[in-house]
Amino acid sequence: MKLVAVVACTSGIAHTYIAKEKLIKAAEKRGHSIKVETQGTIGTEGKLDKHDIEEADLVIMATDIQTTGNERFDNKKKIKVATSIAVKASEQLIEKIEKEIAS
């Protein structure tokens, strides 16, 4: 499965990057590819390009704040969670996504 994600916490520092790393580890552990864009105090990093988005089976929006560029995902299957879910339960989140995609 190919995933993309946008991660942004309220302060745009710690939880954003922790959530990014947890999502990457959980997805890769289960054999999936993932690209993660962060939006925080230093701006956007790892910006997802059109090709990444088109190829993705699902978009994970792990955000606590309003993010920019969300119209890029209008025709994609999405799941929205708080960054705390991505930090504390990233493996369970990936499992849930697997079930959702399979159905």
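Whatever comes next refers back to the structure up there.
Residues numbered from 1 in each chain as written. Predicted model: local features only at pLDDT ≥ 70, side-chain atom pairs only at ≥ 80, totals over all residues. Heavy atoms only, no water.

Asker: Pulling in residues and values, what's your account of the overall build of the chain?
Answerer: Check the secondary structure of the chain and you find 4 helices and 5 strands. Whereas a compact globule of 103 residues would reach a radius of gyration of roughly 13 Å, the chain reaches 12 Å, a difference of no more than 12%. Expressed along its principal axes, the backbone C-alpha trace of the chain runs to roughly 35 × 30 × 20 Å. Taking all 103 residues of the chain together, the buried fraction comes to 41%. If you take every contact in the chain between residues at least 6 apart in sequence, the share linking residues at least 24 apart comes to 63%. (Helix = DSSP H or I, 4+ residues; strand = E, 2+ residues; numbered from the N terminus. Rg over C-alpha atoms; globule rule 2.2 N^0.38 Å. Buried < 20%, exposed > 50% of the residue type's maximum accessible area, 1.4 Å probe, protein only. Contact = heavy atoms within 4.5 Å.)

Asker: Would you mind going over the nonpolar core in detail, with residue names and values included?
Answerer: If you look at the biggest cluster of nonpolar residues, it comprises 20 residues, and the most contacted ones within it are Leu 3, Leu 23, Ile 34, Ile 60 and Ile 97. Looking at this core, the elements that each hand over two or more residues are strand E1 (2–8), helix H1 (14–29), strand E2 (33–40), strand E4 (58–63), strand E5 (78–81), helix H3 (83–88) and helix H4 (90–102). Top contributing element to this core by residue count: H1, with 5 residues. Apart from the residues within four sequence positions on either side, Leu 3 is in contact with Ala 27, Ser 33, Ile 34, Lys 35, Ala 56, Leu 58, Ile 60, Ile 94 and Ile 97. (Core = buried A, V, L, I, M, F, W, Y, C linked by side-chain atoms within 4.5 Å.)

Asker: With reference to specific residues and values, describe H4.
Answerer: For H4, spanning 13 residues, the distance from its first C-alpha to its last is 18 Å, which sits close to the expected 18 Å at 1.5 Å a residue. Next to the buried residues of H4 lie E1, H1, E4, E5 and H3. (Expected span 1.5 Å × (residues − 1).)

Asker: Can you lay out the environment of Asn 70 for me, pointing to particular residues and giving the numbers?
Answerer: Of note, Asn 70 is situated in the loop between E4 and E5. Residue Asn 70 is classed as partly exposed on the basis of its relative accessible area, which comes to 24%. When the C-alpha atoms of Asn 70 and Val 6 are compared, they prove to be 9.2 Å apart, with 64 residues separating the residues in sequence. Among the polar contacts made by the side chain of Asn 70, one reaches the side chain of Thr 67 at a distance of 2.8 Å. (Polar contact = N/O pair within 3.5 Å; in protein donor to acceptor, adjacent residues only side chain to side chain.)

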